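# Structure assessment
As a plain string of letters, each chain reads:
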Amino acid sequence: MKRFKYGLSLLALAACALFAAACNDDETEGVDVVETTRIKEIGYQSAVCVGYVRGACSERGVCYFDAAAPDQLRTVKAPHGGDTFEAALSDLETGRDYSCYVYARVNGQVVKGETKTFRTLEEGQPYLLAGEVRNVEHTSATLDGYVFTSGGSEILERGFCYGTADEPTLDDERCTVVPVEGGLGQMTADLTGLTDKTDYFVRIYLRSDEGLYYSPAASFRTRQYNKPVVSIVGFERRGDKIAVRAVTGVQDAADEELETSRGICVGNTDSYEQGTEYTASTAGIGEYEVEIPADGNVGFIWAWAGNKEGKEISNVATSRASVRLEADMDVRSRWMAPSFTIENLGIFDAEILEAGVCWSETGADPTVENDHKVYEAEDALVPAAYEMPLFFGLKTATAYRVRAYVTNQYGTSYSKPVEITTRGDLYDAHIRVKAGEGAKLPYMNGWQIILNDVTSAANANVPEGLLSPAFRAVYAGWDTACEAGASHMNGIIYRVRETTDGGAYMEIMFYYRTGAANSLKSFTNKISYQRNDDGTFRFKDYIRVSNAMYNGLSEENKAVIDRVFTYFRDHDFYLEWGARDYEFAQSGTAVDSKNGPIWMVPVDEPDNYWTFTNKHYTQSQLPAVANPF
């Protein structure tokens, strides 16, 4: 048995690479396609190259070279006119390997097509070429080949042999033989019964009285079928059943040839693997229906379909409501202010029984078994955005994982988690009690509440909406008491000072005016406190400083004013950032009028926080007062 092969030499490949390096696609935009279509009419000393160039170019043609001498390029220019052209390759030597490619010249740059290889005929040797493999489908293809010469011997048999071996032969059991009648010239065969997504190799064989000859192998790969597509299209309650309607489809018309099973999967978690599958009574492509029990195990529903290429699962539908936690939330040292959006009520529009937010510092996704807070709704919850009340009691400088949740009769759904980290303790970061320590921002020593400044709107009175319910009640009583003393209540200033034993006390300056044009009247009360291990503060002592306005009040109104100063005698508290941005300027001692308020938050009644305005003071901005402790 004799075998005849040819190939492209390494030198030829190198020459092609060098030529390709000269191409510049950025400067050849006028040419759309440059293609070396095929080699035909291969003789002993000549051949014809068919080319295709679409687009405007200054020159086009064919370059060819002896595979053993790739640096010796020869060029045949082709005339313009029409996209397809032919170029005669002459002065070739018999029985040698040659390579050629089509080129186009645009703006001084060369664009080249694919390099193709051929071998000239040789006296006494057959020349066979397995050409293009056409019409490749999932299980079929068309083979083309050419017998250029029999080497002078009589052709007894010719045909194709193909299979999965890279060099198929007639005696290889993995290969199939397709005889083709005829002698010299073109030959064609239609292959059927192929396996999809499989690599095949094909060669022409020729049997003469001189022996058995093979062409070089050509290869092709059959097409791959696709998995089906599937989606849910509707639901219907039928007593104790739920009818789920779904539809299967194909990505390619040929995929309809495959057997397709289909069905529905239901579960009480969002994990398909933990659900229960129901198979439809009919297979194939198109709409189908499956009835499932309408019990508590229908929190999540998927449609599925599968064929030999695999299984496809639809997007999940759920009878539970859907909720989204907004990622952009206010977070301070010990509180967060989340909001959530109920996106839908689920496939049956079931009434929402509860919604809220849960959080955990373990790193795992929190559930309602962790810390959580219920949204107190006045009306029925519907798809809309909701703002939660502030969540107090978080740890400072701590990472939390937060999720919104919503519950209906079918179960509880959770949002994607949002990760937050609380701020460091405000007192540690900014409060300074010794003289000089609070002389520069961002450190501070005092802050104020302006409630009803009758002389200057620029003092930015605290909006009533920012006051807690308890503080509004205290303020209302305080205002009434001041009016009883023929005065206008303005506000209070708190200041932190150091005690003689190294502790701290809070100096509270209540200020008022007896009229809009009158000067400021004030008296100062002082509360000393100790700091607990958890960063909160506990009342130690209280000194009330009286004045003429205070002394003239009734005992009832005195008690109302005292309540302003004694509230924190009854409650441990901590200092916290308020609901606005709180970044401080990094230099200067001027009052920072742009940054957020500070709250005094009772530990046991955090919703009754006390709000201070956006005026903070340093030590140098507050008058020196004798230490009473």
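Please read these numbers as outputs of a predicted model, since none were measured by experiment.

Quick notes on the rules
- Residues numbered from 1 in each chain as written.
- Predicted model: local features only at pLDDT ≥ 70, side-chain atom pairs only at ≥ 80, totals over all residues.
- Heavy atoms only, no water.
- Helix = DSSP H or I, 4+ residues; strand = E, 2+ residues; numbered from the N terminus.
- Buried < 20%, exposed > 50% of the residue type's maximum accessible area, 1.4 Å probe, protein only.
- Contact = heavy atoms within 4.5 Å.
- Areas by Shrake-Rupley, 256 points an atom, 1.4 Å probe, with all protein chains shown as cover.
- 1 Å grid on protein atoms, 1.4 Å probe; cavity = no way out; pocket = protein on both sides within 12 Å on 5 of 7 lines; lining within 4 Å.
- Points joined across faces, edges and corners; volume = space filled by probe spheres on them.
- Nonpolar A, V, L, I, M, F, W, Y, C, P; charged D, E, K, R; others polar.
- pLDDT = per-residue confidence, 0-100.
- Phe/Tyr/Trp six-rings, centres within 6.5 Å; stacked < 30°, edge-to-face > 60°.
- Lys NZ or Arg CZ within 6 Å of the ring centre and 35° of its normal.
- Salt bridge = Lys/Arg side-chain N within 4 Å of Asp/Glu carboxyl O.
- Pairing = 2+ DSSP bridges.
- Axes fitted to C-alpha atoms, helices over the stretch in contact; angles between N-to-C directions.
- Disulfide = S-S within 2.5 Å.

### Quick word on the overall build of the protein chain
For the protein chain, the helix and strand inventory stands at 5 helices and 43 strands. Every one of the 629 residues in the protein chain was classed for burial, and the buried ones make up 50%. In the protein chain, the share of contacts with a sequence separation of at least 24, taken over all contacts with a separation of at least 6, comes to 64%. About 29400 Å² of surface is accessible on the protein chain, with carbon and sulfur atoms providing 45% of the total.

### What to know about the layout of surface pockets
A water-sized probe, rolled over the atoms, reveals where empty space remains. Reported here for the second largest pocket is a volume of approximately 490 Å³. At the level of elements, strand 25 (322-325), strand 28 (339-344) and strand 33 (411-414) are the ones that each hand at least two residues to the lining of the second largest pocket. When grouped by side-chain class, the residues that make up the lining of the second largest pocket number 5 nonpolar, 8 polar and 6 charged.

### Things to note about the confidence of the model for the protein chain
Low-confidence regions, as indicated by low pLDDT, have predicted coordinates that should not be scrutinised in detail. When pLDDT is averaged across the protein chain, the result is 80; 78% of the residues are at 70 or more. The low-confidence segment residues 1-27, where pLDDT is below 50, has 57 contacts with residues more than four positions distant or belonging to other chains. Scored below 50 in pLDDT, residues 581-594 shows 43 contacts in the model against residues more than four places distant or in partner chains.

### Comments concerning the packing of aromatic side chains
Applying the stated criterion across every chain yields a total of 15 aromatic pairs. Taken together, the ring pairs connect W335, F392, W599 and Y609 into an aromatic cluster. Over the aromatic face of W304 sits the side chain of K311, whose NZ or CZ is 4.8 Å from the ring centroid. Here the basic side chain of R334 rests over the ring of Y574, its NZ or CZ set 4.5 Å away from the ring centre.

### Points about the environment of R174
Checked against the element boundaries, R174 lands in the loop between strand 11 (155-163) and strand 12 (175-179). Put simply, R174 and T164 are 10 residues apart on the chain and 6.6 Å apart in space, counted from C-alpha to C-alpha. Once residues within four sequence positions are removed from consideration, R174 is found in contact with Y162, G163, T164 and A165.

### As for the pattern of salt bridges
When the charged atoms of two side chains lie near each other, side chains of opposite charge can form a pair. One pass over the structure, following the stated rule, counts 33 salt bridges. The shortest N-O distance in the salt bridge between R54 and D32 comes to 3.9 Å. Of the two residues, R54 sits in strand 2 (residues 47-55) while D32 sits in strand 1 (residues 31-40), which places them 22 residues apart along the sequence. Take R54: its relative accessible area is 37%, and that puts it in the partly exposed class.

### Looking at the pairing of strand 19 (residues 261-267)
The buried fraction of strand 19 amounts to 6 of the 7 residues, a majority that puts the element mostly inside the structure. Summarising the sheet, strand 19 and strand 22 (residues 300-307) pair through 7 bridges and their orientation is antiparallel. Looking at the pairing, G267 lines up with F300 of strand 22. Where strand 19 lies against strand 20 (residues 276-279), 4 bridges are found, and the strand directions are antiparallel. Bridging across to strand 20, G263 finds its partner in T279.

### Quick notes on the sheet that holds strand 25
Taken in spatial order, the 3 strands make up an open sheet running 25-28-31, and their pairing is antiparallel. Both edges of this open sheet fall to strand 25 and strand 31 (385-387), since each of them pairs with a single strand only. Neighbour to neighbour, the strand axes of the sheet diverge by 25 degrees on average, direction disregarded. Direction of pairing for strand 25 relative to strand 28: antiparallel, over a ladder of 4 bridges.

### Focus on the sheet that holds strand 18 (residues 241-249)
Judged by pairing direction, the sheet is antiparallel, and its 3 strands sit side by side in the order 17-18-21 without closing on themselves. Each of the sheet's edge strands pairs with one partner strand only, and the pair in question is strand 17 (229-238) and strand 21 (286-293). Each neighbouring strand pair of the sheet contributes to a mean axis angle of 25 degrees, computed without reference to strand direction. Here strand 18 pairs with strand 21 via 8 bridges, running antiparallel. Paired with R245 across the strands is E289, a residue of strand 21.

### Concerning unusual backbone geometry
Generally, phi is negative for residues other than glycine and the peptide bonds are trans, each holding for most cases. Positive phi values are uncommon outside glycine, yet E41 reaches one of about 50 degrees. Looking at where E41 falls in the secondary structure, it is placed in the loop between strand 1 and strand 2. You will see that N107, though not glycine, has its phi angle at about 50 degrees, which is positive. Positionally, N107 belongs in the loop between strand 6 (97-106) and strand 7 (109-112).

### Concerning the side chain of T407
Of note, T407 is situated in strand 32 (residues 399-408). The buried category is assigned to T407, whose relative accessible area is 16%. Among residues more than four places away in sequence, those in contact with T407 are E351, I352, L353, E354 and T412.

### Here's the deal with the side chain of T260
When you line up the elements, T260 lands in the loop between strand 18 and strand 19. Sequence-distant contacts of T260, defined by excluding residues within four places in its chain, comprise P228, A283, G284, I285, A305, G306 and N307.

### Quick word on the state of the cysteines
All chains considered together, the criterion is met by 0 disulfides. With no disulfide of its own, C161 has C175 as its nearest cysteine by sulfur position, at a separation of 6.0 Å. C161 gets classed as buried once you look at its relative accessible area, which sits at 0%.

### Focus: the environment of Q530
Structurally, Q530 can be placed in strand 38 (residues 520-531). Sequence-wise, Q530 and D541 are 11 residues apart; in three dimensions their C-alpha atoms are separated by 9.8 Å. Excluding residues that lie within four positions of it along the chain, Q530 makes contacts with T536, F537, R538 and K540.

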